[in-house]
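# Fold and geometry: a report
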Amino acid sequence: MRVDITSKPVAVPLAALWAAALAAGLVGIWLRLTTGHELANYTSSIPWGLWIAAYAYFMGLSAGLFLISASAHVFRIERLQPFIKLGLFAALVSLLAGLLTIWLDLGQMERFYTVYTRGSAGSMMAWLVWMYTVYGILLVAVSWFVVRADLAERASGEDLKGRLAGLLALGRKDTGEASRESDRRNARMLFMIGIPLAIATAGGSGA
């Protein structure tokens with residue numbers, strides 16, 4: 001049995017639930033910013049809290065989603081083709097969610113940039129942040145090649161969505177088969193680079 005989540009009897013309760021969850025999350029972030037780690041009540045036997053668990057979950061989820069999308073594209077698995085775009089989007093959202101949760105765990109959140117300016121080459125944590133950065137850039141790049149033709153098609157409209165699509169397409173309006181094949185080749189190359197990178201970032205947390 002399929003449920004239409006856009007129907008009013010279903011959409012209204014879901015929207016209310018989402019709003020309640022958002023409100024609770026905003027309260028939690030406010031408490032984190034105003035009280036620091038005081039409410040976490042860490043001890044010598046419990047040095048990590050929910051942020052670390054959420055971070056590990058989201059990072060593993062991002063890597064897994066990327067690997068499924070990469071497998072579908074590189075090996076041309078027909079059954080998974082419709083999942084590629086959604087998988088890449090979800091992988092990017094999961095990556096951002098993971099980075100947000102680990103950022104909340106930092107003692108001095110405003111100094112996160114020092115891992116780039118003064119990071120040690122002998123630090124596994126520094127390497128992990130650098131890999132996440134490269135992985136994030138690659139994720140955005142491969143996503144662009146996958147949806148570039150779709151954006152070009154929508155850029156023909158004169159409304160706000162059309163102008164936004166044209167902006168995201170970086171001015172490229174060609175939608176012919178030759179340009180689509182070029183996009184597929186570029187995406188395939190980035191996917192192949194990203195597969196070991198995604199595995200490395202997922203395994204880096206354990207290391």
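Being a predicted model, the structure only gives us computed values, none of them experimental.

This part takes up the confidence of the model for the protein chain. Summary statistics for the protein chain give a mean pLDDT of 87 and a share of 96% for residues scoring 70 or more. At the low end of the mean pLDDT range in the protein chain sits helix α6 (residues 160-168), at 81; at the high end sits helix α3 (residues 84-105), at 93.

This paragraph deals with the nonpolar core. Nonpolar side chains tend toward joint burial in soluble globular proteins. Phe 66, Leu 88, Tyr 135, Leu 139, Val 142 and Phe 191 are the most contacted members of the largest nonpolar core, which totals 27 residues. At the level of secondary structure, the elements contributing two or more residues to this core comprise α2 (50-74), α3, α5 (124-154) and α7 (177-206). Each residue touching Tyr 135, except ones within four places of it in the same chain, is listed here: Ser 62, Ala 63, Phe 66, Ala 91, Leu 95, Leu 197, Ala 198 and Thr 201.

For the rest of this paragraph, the subject is the packing of aromatic side chains. Tallied over the full model, the rule gives seven aromatic pairs. On the basis of an interplanar angle of 90° and a centroid distance of 6.3 Å, the ring pair of Tyr 55 and Tyr 132 is categorised as edge-to-face. Remark: Tyr 132 occurs in helix α5 and Tyr 55 occurs in helix α2; sequence separation between them is 77 residues. The exposure classification of Tyr 55 matches that of Tyr 132, with both residues buried. On the numbers, 5.5 Å between centres and 45° between planes, the contact of Phe 66 with Phe 191 is tilted.

Evaluation of the coordinates by the stated rule reveals six salt bridges. Here Arg 148 and Asp 174 are joined by a salt bridge, their closest N and O atoms 3.5 Å apart. Of this pair, Arg 148 sits in helix α5 while Asp 174 sits in the loop between α6 and α7, placing them 26 residues apart in sequence. Residue Asp 174 is classed as partly exposed on the basis of its relative accessible area of 33%. Between Asp 183 and Arg 148 there is a salt bridge; the shortest N-O distance is 2.7 Å. Taken together, the residues span a long stretch of sequence, with Asp 183 in helix α7 and Arg 148 in helix α5 at a distance of 35 residues. An identical accessibility class is assigned to Asp 183 and Arg 148; each is buried.

Conventions adopted
- The residue numbering used here restarts from 1 in each chain and proceeds along that chain's sequence as written.
- For this predicted model, a pLDDT threshold of at least 70 governs which residues receive local features, and a threshold of 80 or more governs which side-chain atom pairs are given and counted, while totals over whole chains, interfaces and linings are taken from all residues.
- Side-chain numbers come from the whole structure's heavy atoms, not from hydrogens or water.
- The score called pLDDT rates the predictor's confidence residue by residue, from a low of 0 to a high of 100.
- The numbering of helices and of strands both runs from the N terminus, where a helix is a DSSP run of H or I of at least 4 residues and a strand a run of E of at least 2.
- Nonpolar core, defined: a set of buried Ala, Val, Leu, Ile, Met, Phe, Trp, Tyr and Cys residues in which side-chain atoms within 4.5 Å join the residues together.
- Relative accessibility decides the category of a residue: with a 1.4 Å probe and only protein chains considered, values under 20% of the type maximum give buried, values over 50% give exposed, and everything between is partly exposed.
- Only heavy atoms matter for contacts: two residues are in contact if any of them lie within 4.5 Å across the pair.
- Side-chain rings of Phe, Tyr and Trp (the six-membered ring for Trp) are treated as a pair once their centres are within 6.5 Å; stacked means planes under 30 degrees apart, edge-to-face means over 60, and tilted covers the remaining angles.
- Within this document, salt bridges are pairs made up of a side-chain nitrogen of Lys or Arg and a carboxyl oxygen of Asp or Glu, the two lying within 4 Å of each other.

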